[in-house]
Amino acid sequence: MLRLSHALAAMLAAALPTATSAATLQSFKGEYTVSLLGLSVAKASFSSSYEGDSYSIDGSVSSAGLATMFDDTRGTISSKGKISGKQLQPQAFRADYKSGKKASMIDIQFANGVVTSTKVVPEPKKRNPKNWIALAASGLSSVLDPMAATVIHADSLDKVCGRTVKLYDGEMRANLTLTYDSKGSTSVRGYKGDTVTCRMGFEPVAGYRKNRKALNYLKNRSRIMVTFAPVGQTGLYAPIHATVTTQIGTLTVSAERFEATE
């Protein structure tokens, strides 16, 4: 349950806006729906604020619609860090979930772009070294938490795609590769304008079990499309829409609100 809930949160967190270094406080609000095969399964709301070179993000995620009959999960997510040049540098990430009576938590601490500690509750079961790809300490530098991993700093929409992002979710290291697909436009509460769509490739690196069907599908067969929109005049771009094909159907994340509040 922790892995499934966290994967959903990571997808929703990808849609969070962030901001470049600025002298004044900037605040943003994002509200999203998640649907599977056209049926609502989750909702999320995020608030973020930025002042100087610091950022802070807080959000909530909950099951919705038919999903509550099978998995009534609710959680909170928070992330904070610094913005160094054109790179986000996380300092702390925390996700707390409750599914029924079962509580789960992930806490990641960073220093100077390196993961210094990770705490997961409940603790992962002992791994079988015969089929487990272990994550070495050397793989925990210059990584981003799920909140920051898909926020892109670029000079223009034309330069959003064409990059690889290093993600660490508290157990697994993965690379997310973005390649250009198309340009378009959209209109939601708080934003009306141009967008760019990238195809996202998923490559697990370490911290996972070999031959896991869900991961193999994401890596080899899934079609992941992410549409980015500019966050004001900050020079950063965040997902406003995304689709992921899964073994049971297409998962869609759509912003209902995407706007500056200050």
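Numbering of residues starts from 1 in every chain and runs along the sequence as written. Where local features are concerned, this predicted model is filtered to residues with pLDDT of at least 70; where side-chain atom pairs are given and counted, the filter is 80 or more; whole-chain, interface and lining totals use all residues. Derived side-chain values reflect all non-hydrogen atoms in the structure, with water molecules and hydrogen atoms excluded from consideration.

- Looking at an unreviewed UniProt entry, one finds the chain named DUF3108 domain-containing protein, with Mesorhizobium robiniae as its source organism.

### Structural notes on the overall build of the chain
1) Next: On a plain count of helices and strands, the chain comes out with 2 helices and 16 strands.
2) Next: Each residue is assigned to one of three classes by its accessible area relative to the maximum for its type, calculated with a 1.4 Å probe on protein chains only: buried under 20%, partly exposed between the two thresholds, exposed over 50%. Counting every position in the chain, which comprises 262 residues, the buried fraction comes to 48%.
3) Next: Within the chain, residue pairs in contact and separated by at least 24 positions form 55% of the contacts whose partners lie at least 6 positions apart. Think of it this way: any DSSP run of H or I at least four residues long counts as a helix, any run of E at least two long counts as a strand, and we number them from the N terminus. Contacts are assigned to residue pairs with any non-hydrogen atoms lying within 4.5 Å of each other.

### Digging into the environment of R74
1) Next: Its location among the elements puts R74 in strand β4 (residues 73-84).
2) Next: When the C-alpha positions of R74 and D96 are compared, they lie 8.4 Å apart, and in sequence the two are 22 residues distant.
3) Next: Leaving out residues up to four positions away in the same chain, R74 has contacts with V61, S62, D96, Y97 and K98.

### A word on the pattern of salt bridges
1) Next: Any carboxyl oxygen of Asp or Glu that lies within 4 Å of a side-chain nitrogen of Lys or Arg is treated as forming a salt bridge with it. Under the criterion given, the structure shown has 9 salt bridges.
2) Next: A salt bridge links D96 to R94; the shortest N-O distance between them is 2.8 Å.
3) Next: By relative accessible area, R94 is classed as partly exposed at 33%.
4) Next: Salt-bridge contacts for R257 lead to E259; the nearest nitrogen and oxygen are separated by 2.5 Å. As far as burial versus exposure is concerned, R257 and E259 are alike and both buried.

### A few points about the pairing of strand β12 (residues 191-206)
1) Next: What makes two strands pair is DSSP finding at least two bridges between them. With 15 bridges joining them, strand β11 (residues 173-188) and β12 adopt antiparallel strand pairing. Bridge pairing in β12 links T177 to G201.
2) Next: The hairpin formed by β11 and β12 contains 2 residues between the paired strands, and G190 there has a positive phi angle of roughly 100 degrees.
3) Next: Here β12 pairs with strand β14 (residues 224-230) via 5 bridges, running antiparallel. Directly across from T197, in β14, lies its bridge partner T227.

### Regarding the pairing of strand β3 (residues 54-63)
1) Next: The pairing of strand β2 (residues 39-52) with β3 spans 10 bridges and is classified as antiparallel. Opposite F46, over in β3, you have G59 as the bridge partner.
2) Next: Two successive antiparallel strands, β2 and β3, enclose a turn made up of 1 residue.
3) Next: In this sheet, β4 lies alongside β3 in antiparallel orientation, the contact comprising 9 bridges. By the bridge assignment, S54 is partnered in β4 with K82.

### Notes on the packing of aromatic side chains
1) Next: Classification of ring pairs rests on two measures: the distance between centres of Phe, Tyr or Trp rings, Trp counted by its six-membered ring, which must be within 6.5 Å, and the angle between planes, read as stacked under 30 degrees, edge-to-face over 60 and tilted in between. Under the counting rule described, the total for this entry stands at 2 aromatic pairs.
2) Next: Aromatic pair Y191 and F258: ring centres 6.2 Å apart, planes at 75 degrees, arrangement edge-to-face. On the criterion of sequence distance, the pair formed by Y191 in strand β12 and F258 in strand β16 (residues 249-260) is long-range, its members being 67 residues apart.
3) Next: Take Y191: its relative accessible area is 14%, and that puts it in the buried class.
4) Next: Residue F258 is classed as buried on the basis of its relative accessible area of 5%.

### So, unusual backbone geometry
1) Next: At the junction of V121 and P122, the peptide bond is cis and its omega measures out at -5 degrees in the coordinates.
2) Next: In this fold, P122 is placed in the loop between β7 (114-121) and β8 (132-133).
3) Next: Even without being glycine, N112 reaches a positive phi, approximately 55 degrees.
4) Next: Along the polypeptide, N112 turns up in the loop between β6 (102-111) and β7.
5) Next: Relative accessible area serves as the criterion here: at 72%, N112 is assigned to the exposed category.

### Side note on the environment of R163
1) Next: Note that R163 resides in strand β10 (residues 163-168).
2) Next: Judged by relative accessible area, R163 falls into the partly exposed class, the value being 28%.
3) Next: Setting aside chain neighbours within four positions, we find R163 in contact with I152, H153, A154, L176, T177 and L178.
4) Next: Two N or O atoms form a polar contact when they lie within 3.5 Å of each other; inside protein one atom must be a possible hydrogen donor and the other a possible acceptor, and for residues adjacent in sequence the pair counts only when both atoms belong to side chains. Among the polar contacts listed, one links the side chain of R163 to the backbone oxygen of K159, at a separation of 2.7 Å.

### Observations concerning the nonpolar core
1) Next: Residues enter a nonpolar core if they are buried and are Ala, Val, Leu, Ile, Met, Phe, Trp, Tyr or Cys, with the set joined through side-chain atoms within 4.5 Å. Counting residues in hydrophobic clusters, the biggest one holds 63 residues, and the most contacted among them are F93, V160, F228 and F258.
2) Next: In terms of residue count, strand β15 (residues 236-246) provides more of this core than any other element does, 6 residues in total.

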